[in-house]
Amino acid sequence: MPKLDLSQLPWRTGSGYPGKLAEPCAGRSVQPLGDPGGLTQYGVNMVRLEPGAASSLRHYHMEQDEFVMVTEGICTLIDDDGAHEMMPGDCAAFPAGEENGHHLVNRSDKPAGFLVVGTRTPTETGYYSDLDMMVKFAGGDFTFTRKDGSPLTAEQTGEDT
């Protein structure tokens, strides 16, 4: 098994959310590990959160399992059961189809990080617990709409749609 040289793997910052919906994730950086390792059946990423940053908007997946393990600092998992402080080594699992909206937030004053592993499927639908929004993934593209499939409004995104 080839060893990955993490110092040579790039980080990408922010998110793909439209308009002002991206603001909570402005301090999030992701380092893909699965793709450079040649993995095709599941994704593996390191995620770093600056103080105040969120991993995503609170969401759940219909087709893909998701697993996280905190590796650095303190992350707060927020799900339908409330807020749960997570320290290095703490883990959480989110089975596909379980309607438990979740995300991690760094409420501390130091950077935090976690490893995330998730199923790869050709299509996916995700729902956002705190917003009238869903995402569909197909053909390598993400499409964000309201939960009924209609376009997001300018009021929701803060931009002309």
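Asks: Explain the sheet that holds strand S13 (residues 141–145) to me, please; I cannot follow it from the model alone.
Replies: Whenever strands of a sheet pair, they do so through backbone hydrogen bonds, lying parallel or antiparallel. In space, the four strands of this open sheet follow the order S4-S11-S12-S13, with antiparallel pairing throughout. Both edges of this open sheet fall to strand S4 (59–61) and S13, since each of them pairs with a single strand only. Taking the axes of each pair of neighbouring strands and ignoring which way they run, one obtains an average angle of 20° across the sheet. Looking at chain direction, S4 and strand S11 (residues 123–128) are connected through three bridges and run antiparallel. Within the sheet, the bridge partner assigned to Tyr-60 lies in S11 and is Tyr-127.

Asks: What's the story with the sheet that holds strand S8 (residues 91–94) in this structure? I'm lost.
Replies: With antiparallel pairing, the six strands of this open sheet are ordered in space as S1-S2-S3-S10-S5-S8. Across the chains shown, the open sheet's two edge strands, defined by having one partner strand only, are strand S1 (12–13) and S8. Pairing of strand S5 (residues 66–72) with strand S10 (residues 112–119), which is carried by six bridges, proceeds in the antiparallel orientation. Looking at S10, one finds that Phe-67 is bridged to Val-117.

Asks: Looking at this model, I keep getting lost on the pattern of salt bridges. Mind explaining?
Replies: Opposite charge on two side chains lets them pair, provided their charged atoms get close. Applying the stated criterion to the full structure yields five salt bridges. Across the salt bridge formed by Arg-120 and Asp-35, the nearest N and O atoms sit 2.3 Å from each other. In this pair, Arg-120 is assigned in the loop between S10 and S11 and Asp-35 in the loop between strand S2 (28–32) and strand S3 (42–49), connecting sequence segments 85 residues apart. Glu-72 is the partner of Arg-48 in a salt bridge, and the nearest nitrogen-oxygen pair spans 2.6 Å. Taken together, the positions of Arg-48 in strand S3 and Glu-72 in strand S5 put the pair 24 residues apart, joining distant regions of the chain. Residue Arg-48 is classed as partly exposed on the basis of its relative accessible area of 31%.

So, how was this worked out
- Residues numbered from 1 in each chain as written.
- Predicted model: local features only at pLDDT ≥ 70, side-chain atom pairs only at ≥ 80, totals over all residues.
- Heavy atoms only, no water.
- Pairing = 2+ DSSP bridges.
- Helix = DSSP H or I, 4+ residues; strand = E, 2+ residues; numbered from the N terminus.
- Axes fitted to C-alpha atoms, helices over the stretch in contact; angles between N-to-C directions.
- Salt bridge = Lys/Arg side-chain N within 4 Å of Asp/Glu carboxyl O.
- Buried < 20%, exposed > 50% of the residue type's maximum accessible area, 1.4 Å probe, protein only.

Function-wise, these values are silent; they only describe arrangement.
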